[in-house]
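A closer look at the structure
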Amino acid sequence: MQKYWIRLIPVSRCCERRILFKTLSTAPDLTKPVADVELLGTKYPTDEWTNVTPKIISKLGLNLHVAKHHPLSHVRQRIVNHFYKAYRNRVGNPLFSVFDNLSPVVSVAQNFDSLLVPVNHPSRAKSDCYYVNQDLLLRAHTTAHQAELIAMGLDNFLVIGDVYRRDEIDSTHYPVFHQVDGVRLCTADEAFQNARGTDKLHIFENRGSESPEKQGCHTLEAVKVMEHDLKKVLVGLAQVLFGKDVKYRWVDQYFPFTHPSWELEVFYNDQWLEVLGCGIIRQEILQKAGTANRIGWAFGLGLERLAMCLYSIPDIRLFWSTDSGFLNQFITDNVNDPIKYKPVSTYPQCPNDISFWLPQDKSYCSNDFYDLVREIGGDTVEQIILIDDFIHPKTKKTSHCYRIVYRHMERVLTQEEVSEIHKKIEKAAAEQLNVDIRN
Ligand code: FA5
Ligand code: MG
């Protein structure tokens, strides 16, 4: 989906109708839409545009971008921190507002019309989007919220959320991914606040015409200061994430809602990777939103792309893993920790718990137990997690419960062989660490 905004798709590709909705209790008329579809607790009528699938619906509400310790959440937080730091108001508070829980069910008007996407534009095709019905779809980009937030009076904001596009599934594409959109609007005074000289500078001109460098209504100097501000904060972000020496380049791009427009590419692992699109907001969008006296920039970036590079995650599907072998590698309270993902086996995990009372002489320490488990379980042990630490109210004795996750790197482990190892661990712990196994 690299050229999402300009790719041409024959409309005939997008006419299949999927049967996936509950039928009504009366005999269904198969020529008509049959029932509602429920998304995030709300029922929506379906019609011939409906093409959301159960698999896609199952992703709604998972909100990986705000899930505790999830790699996408770490990257989100780092981006938010960067904007909080880069723009502050007169009393030192962050200028940007953050919206990270707006519903992904949006109208065609929000996703396309408000952004001046032409009615026959290929990005609207059923083959590219997940439609709820002819009026509603799962947002294809977080830019869908831009116009309404501007109309609400916001002038510096980030929108973060899950987006949905019909696409192939491979190591870098997934039909659900996460985006961050940013918008900054400036009055003439704000745009030129760092400009020297006594002449009053303007952001609008009357008889200008559109050129590759600017929209007809803008002055070239206003576009240049906004472009500078936009590129500075985005390159700053790339440097915060990938280091001061990150190699990057700007490429001219087209979006219906910005002009001029650019994409930022970062050189990573021997190749140029597109990480974001951006540009100067079409003035018509601001006029319709009731903010005609300002000029604005906007950008949209993909969280997965950044997280894959940052953490060396080789496959975009891993972000959806519920496997603790993946997730536990990202447990940190410092989002800036330089984590490198270590591949885990694809064979199933086999968790077994062990509980014991600690010796009362305080001789016990968890690290001794971890060593003992590693000694006996060897490479079949993937993780050991303390899942319960309990003090008996009467006896004051302490009990620990650990979950030992067994998984072989090359083959499926049977529960029988795991039980045998587990019993050996229990016996050794009782003998060597003086603990009292609970059953
Ligand atoms: C957009 O979605 C525009 N809304 C971005 C924008 C916003 C431009 C505001 C101007 C102003 P694009 O389709 O290129 O553009 O996607 C933006 C970013 O999302 C890409 O740069 C990439 O990082 C990420 N992205 C796009 N498609 C995928 C995909 N299939 N899988 C993972 N990430 C993707
Ligand atoms: Mg793009």
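Look a little higher up for the structure.
This text gives an overview of the structure that appears in the document.

Criteria and cut-off values
- Residue numbers run consecutively from 1 along every chain, following the written order of its sequence.
- Each chain gets a letter, beginning with A, and each ligand a number, beginning with 1, in the order they are written.
- Under the rules for a predicted model, residues below a pLDDT of 70 receive no local features and side-chain atom pairs below 80 are neither given nor counted, while totals for whole chains, interfaces and linings still include all residues.
- The angle between two axes is taken between their N-to-C directions and runs from 0 to 180 degrees, where each axis is a line fitted to C-alpha atoms and a helix contributes only its stretch in contact.
- To qualify as a helix, a DSSP run of H or I must reach at least 4 residues; to qualify as a strand, a run of E must reach at least 2; elements of each kind are numbered from the N terminus.
- Here the angle decides the label: under 35 degrees means roughly parallel, over 145 means roughly antiparallel, 65 to 115 means roughly perpendicular, and every other value means oblique.
- By convention, the crossing between two helices is left-handed when the near helix turns anticlockwise from the far helix through less than a right angle, and right-handed when the turn is clockwise.
- Contact between two residues is assigned when their C-beta atoms, built from the backbone, lie within 7 Å.
- Here the term charged refers only to Asp, Glu, Lys and Arg, the term nonpolar to Ala, Val, Leu, Ile, Met, Phe, Trp, Tyr, Cys and Pro, and the term polar to all other amino acids, Gly among them.
- Strands were regarded as paired on the criterion that DSSP finds at least two bridges between them.
- Here the C-beta atoms are placed from the backbone, and a residue counts as buried if at least 20 other C-beta atoms lie within 10 Å of its own, exposed if 12 or fewer do, and partly exposed otherwise.
- Take the residue count of a helix, subtract one, and multiply by 1.5 Å to get its expected span.

1. Concerning the packing of helix α2 (residues 71–86) against helix α6 (residues 220–242)
Contact pair α2 / α6: the axes reach a minimum separation of 10 Å and the direction vectors enclose 130 degrees. Classed by the angle they form, the pair α2 and α6 counts as oblique. Between α2 and α6 lies a crossing of right-handed hand. Side by side, α2 and α6 meet where R78, I79, H82 and A86 of the first sit next to V233, G236, L237, V240 and L241 of the second. Broken down by class, the residue content of the contact of α2 with α6 amounts to 6 nonpolar, 2 polar and 1 charged.

2. Observations regarding the sheet that holds strand β14 (residues 398–406)
With antiparallel pairing, the 4 strands of this open sheet are ordered in space as β13-β14-β12-β15. Looking at strand neighbours, the two that pair on one side only are β13 (381–391) and β15 (436–438), the edges of this open sheet. Averaged over neighbouring strand pairs, the angle between their axes works out to 30 degrees when direction is ignored. Bridge analysis of strand β12 (residues 350–357) against β15 gives 3 bridges, and the strand direction is antiparallel. Note that in β15 the partner of W357 across the bridge is D436. Along the sheet face, helix α11 (residues 415–432) touches β12, β14 and β15 and points at about 20 degrees away from the line of β12.

3. A closer look at the packing of helix α10 (residues 366–377) against α11
For the pair α10 and α11, the least separation of the axes is 10 Å and the interaxial angle reads 140 degrees. The angle between α10 and α11 falls in the class oblique. The way α10 lies across α11 gives a crossing that is right-handed. Along its contact with α10, which presents F369, L372, V373, I376 and G377, the element α11 presents I421, K424, I425, A428, A429 and Q432. A class-by-class count of the residues in the contact of α10 with α11 yields 8 nonpolar, 2 polar and 1 charged.

4. A short note on unusual backbone geometry
Where the residue is not glycine, phi is negative for most of them; where a peptide bond is considered, it is trans in most cases. Note that the residue after H259, namely P260, is joined by a cis bond; omega there is -5 degrees. The residue P260 is located in strand β9 (residues 258–268) in this model. You will see that N63, though not glycine, has its phi angle at about 45 degrees, which is positive. With respect to the secondary-structure elements, N63 resides in the loop between α1 (54–57) and α2. Using a count of 18 C-beta atoms within 10 Å as the deciding quantity, one classes N63 as partly exposed. Phi at N434 takes a positive value of approximately 65 degrees, unusual for a residue other than glycine. Relative to the helices and strands, N434 is located in the loop between α11 and β15.

5. Digging into the environment of L303
Looking at the element boundaries, L303 is found in helix α8 (residues 303–311). Setting aside residues up to four positions removed in sequence, L303 forms contacts with H65, L72, V75, R76, H178, Q179 and V180.

6. Some remarks on α2
Across its 16 residues, α2 extends 23 Å between first and last C-alpha, which sits within 8% of the 22 Å expected from 1.5 Å per residue. For α2, the full list of buried residues reads P71, L72, S73, H74, V75, R76, I79 and F83. For α2, the secondary structure elements touched by its buried residues are β6 (156–164), β7 (176–186), α6 and α8.

7. Remarks on the sheet that holds strand β10 (residues 271–281)
Taken in spatial order, the 7 strands line up as β3-β6-β7-β11-β10-β9-β8 in an open sheet, and their pairing is mixed. One side of each edge strand has no neighbouring strand; the edge strands of this open sheet are β3 (97–99) and β8 (248–255). Taken pair by pair, the neighbouring strands of this sheet meet at an average axis angle of 20 degrees, ignoring direction. The sheet contact formed by β8 and β9 spans 7 bridges and is antiparallel. Looking across to β9, one finds that D252 is bridged to W262. Its contacts with the sheet put α2 on β3, β6 and β7, and the angle it makes with β7 is roughly 5 degrees. Taken strand by strand, α8 contacts β7, β9, β10 and β11 (295–302), and its axis lies near 110 degrees from that of β7.

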